[in-house]
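Next come the chains, spelled out residue by residue.
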Amino acid sequence: MRILITNDDGVHADGLLALKQALDPVADVTVVAPDRPRSACGHSITLHKPLRLYTTRLPDGAEVWVSNGTPSDCVTLAILDVMKAAPPDLVVSGINHGPNLGWDLTYSGTVSAAMEGAILGVPAVALSVAWRFRRMVEEEEGPAPPIDFSHAAAYAAELARYLDAHRLPDHTLLNVNVPHLQPKGARITRQGIRRYPGKLEKRTDPMGRVYYWLGGDDPVDVCEEGTDVQAIAEQYISVTPVQLDLTDRALIQQFLEGPFPGV
Ligand code: MN
């Protein structure tokens, strides 16, 4: 089995190393990752400047590929060039340091890299540790310990073995979130609702000019039964099958029952 690993936290992220070391015994692993953190870049691709690709080494000595592009760019570079002669059987994106739950998926570079794999015909998994924001932990519990990627890494290896024997349908991916603490098990879930209300902070700089910070607020989850946010809240691994078709089928039906302008 050949696995392509990428992420959106950058090539130097601890989660990438943990994932690579967990998958090494399972598969022939190739890493192509962004040269810097790219969290929340969504599915952006680089069209108007040159993409560079070079090699570097991880702390364990492994040679890996690094690009100045986005996570999606990395997947494209890997599948269409680096691994052209022997394409990957699976793309695994992560392990992201933080959850990708509910509406996070629309912003996530981690999930978008997996989507790019699915678009290019390679089954894909996005993998995240559902670690709360450091600031939130420290407000409640004091200095936060380093993120523990071990549970997510172990599940990645288990999932890779499973997907080697049970290939995903074309153009689909799995969005996987693993609790930070010992998981109680795994649940197959649907995407729930996670929002960041009032996420815009308006401040004034020392020169008296207004500036803004996004994303400073705590997320608000709607914990419905069967959702990813609910599974994580109850300390279960959440596995959400995701497709690229965003169509709202119920609304198609409603519009067809009309009246609708021009239909
Ligand atoms: Mn990230």
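Residues numbered from 1 in each chain as written. Predicted model: local features only at pLDDT ≥ 70, side-chain atom pairs only at ≥ 80, totals over all residues. Heavy atoms only, no water.

Considerations on the overall build of the protein chain
Looking only at helices and strands, the protein chain features 7 helices and 13 strands. Taken over the C-alpha trace, the protein chain has a radius of gyration of 19 Å; the compact-globule value for 263 residues is 18 Å, and the two agree within 12%. Oriented by its inertia axes, the alpha-carbon framework of the protein chain measures out at about 55 × 55 × 45 Å. For the protein chain, the proportion of contacts with a sequence separation of at least 24, taken over those separated by at least 6, is 75%. Carbon and sulfur atoms form 55% of the exposed surface of the protein chain, whose accessible area is close to 13800 Å². Side chains of the protein chain carry 23 positive and 33 negative charges; the gap between the two charge centres is 4 Å. (Helix = DSSP H or I, 4+ residues; strand = E, 2+ residues; numbered from the N terminus. Rg over C-alpha atoms; globule rule 2.2 N^0.38 Å. Contact = heavy atoms within 4.5 Å. Areas by Shrake-Rupley, 256 points an atom, 1.4 Å probe, with all protein chains shown as cover. Lys, Arg positive; Asp, Glu negative; His and termini not counted. Charge placed at Lys NZ, Arg CZ, Asp CG, Glu CD.)

So, the pairing of strand E1 (residues 2–6)
Judged by how many residues are buried, E1 sits mostly within the fold: 4 of 5 residues are covered. Two strands pair when backbone bridges link them, and E1 and strand E2 (residues 28–34) are joined in this way by 4 bridges, in the parallel orientation. Paired with arginine 2 across the bridge in E2 is aspartate 28. In the classification by handedness, the crossover that spans E1, the intervening helix H1 (residues 14–23) and the parallel E2 is right-handed. (Buried < 20%, exposed > 50% of the residue type's maximum accessible area, 1.4 Å probe, protein only. Pairing = 2+ DSSP bridges. Right-handed = clockwise from strand over helix to strand, strands pointing away.)

Some remarks on unusual backbone geometry
Negative phi characterises most residues that are not glycine, and trans characterises most peptide bonds. For the bond from glycine 94 to isoleucine 95, the omega torsion is -5 degrees, close enough to zero to count as cis. Within the fold, isoleucine 95 resides in strand E5 (residues 90–97). Cis geometry marks the peptide bond from glycine 258 to proline 259; its omega dihedral reads 5 degrees. Within the secondary structure, proline 259 sits in the segment after helix H7 (249–256). Not every positive phi belongs to a glycine, and histidine 171 is a case in point at roughly 60 degrees. By the secondary structure assignment, histidine 171 is in the loop between helix H5 (150–165) and strand E7 (172–179). Exposure remark for histidine 171: the relative accessible area of 41% places this residue in the partly exposed category.

Let's talk about the pattern of salt bridges
Summed over all chains, the structure comprises 10 salt bridges. For arginine 190, the salt bridge goes to glutamate 224, with nearest N and O atoms at 3.6 Å. Remark: glutamate 224 occurs in the loop between strand E12 (220–222) and helix H6 (228–233) and arginine 190 occurs in the loop between strand E8 (186–188) and strand E9 (193–195); sequence separation between them is 34 residues. What you see here is one network of salt bridges that share partners, running through Lys20, Asp24 and Asp60. (Salt bridge = Lys/Arg side-chain N within 4 Å of Asp/Glu carboxyl O.)

Remarks on the packing of H1 against H5
The interhelical angle for the contact between H1 and H5, taken along N-to-C directions, is 40 degrees, at an axis separation of 8 Å. The angle between H1 and H5 places the two elements in the oblique class. Considering only the axes of H1 and H5, their crossing is right-handed. Residues Ala18, Leu19, Ala22 and Leu23 of H1 form the contact with H5, whose own contacting residues are Ala153, Ala156, Ala157 and Ala160. In terms of residue class, the contact of H1 with H5 is built from 8 nonpolar, no polar and no charged. (Axes fitted to C-alpha atoms, helices over the stretch in contact; angles between N-to-C directions. Parallel < 35°, antiparallel > 145°, perpendicular 65-115°, else oblique. Left-handed = near helix turned anticlockwise from the far one by under 90°. Nonpolar A, V, L, I, M, F, W, Y, C, P; charged D, E, K, R; others polar.)

Comments concerning empty space enclosed by the protein
Empty space left among the atoms is revealed by rolling a probe the size of a water molecule over them. All chains considered together, the criterion is met by 1 cavity of 30 Å³ or more. Its volume calculated, the largest cavity comes out at about 50 Å³. For the lining of the largest cavity, the secondary structure elements donating two or more residues are E5, strand E6 (124–130) and H5. Here the lining of the largest cavity takes 4 residues from H5, the largest share from any one element. (1 Å grid on protein atoms, 1.4 Å probe; cavity = no way out; pocket = protein on both sides within 12 Å on 5 of 7 lines; lining within 4 Å. Points joined across faces, edges and corners; volume = space filled by probe spheres on them.)

Here we look at the packing of aromatic side chains
Taken as a whole and assessed by the stated rule, the structure comprises 1 aromatic pair. Measuring from centroid to centroid gives 4.4 Å for phenylalanine 255 and phenylalanine 260, while their planes differ by 40 degrees, and the two rings are tilted. Phenylalanine 255 gets classed as partly exposed once you look at its relative accessible area, which sits at 35%. Judged by relative accessible area, which is 33%, phenylalanine 260 ranks as partly exposed. Of note, arginine 187 hangs over the ring of tyrosine 236, and the distance from its end group to the ring centre comes to 4.0 Å. (Phe/Tyr/Trp six-rings, centres within 6.5 Å; stacked < 30°, edge-to-face > 60°. Lys NZ or Arg CZ within 6 Å of the ring centre and 35° of its normal.)

Here we look at the side chain of arginine 194
Relative to the assigned elements, arginine 194 resides in strand E9. With a relative accessible area of 9%, arginine 194 lands in the buried category. Those residues within four positions of arginine 194 in sequence are excluded, and the remaining contacts are Pro99, Leu101, Gly102, Trp103, Asp104, Pro219, Val220, Asp221 and Val229.

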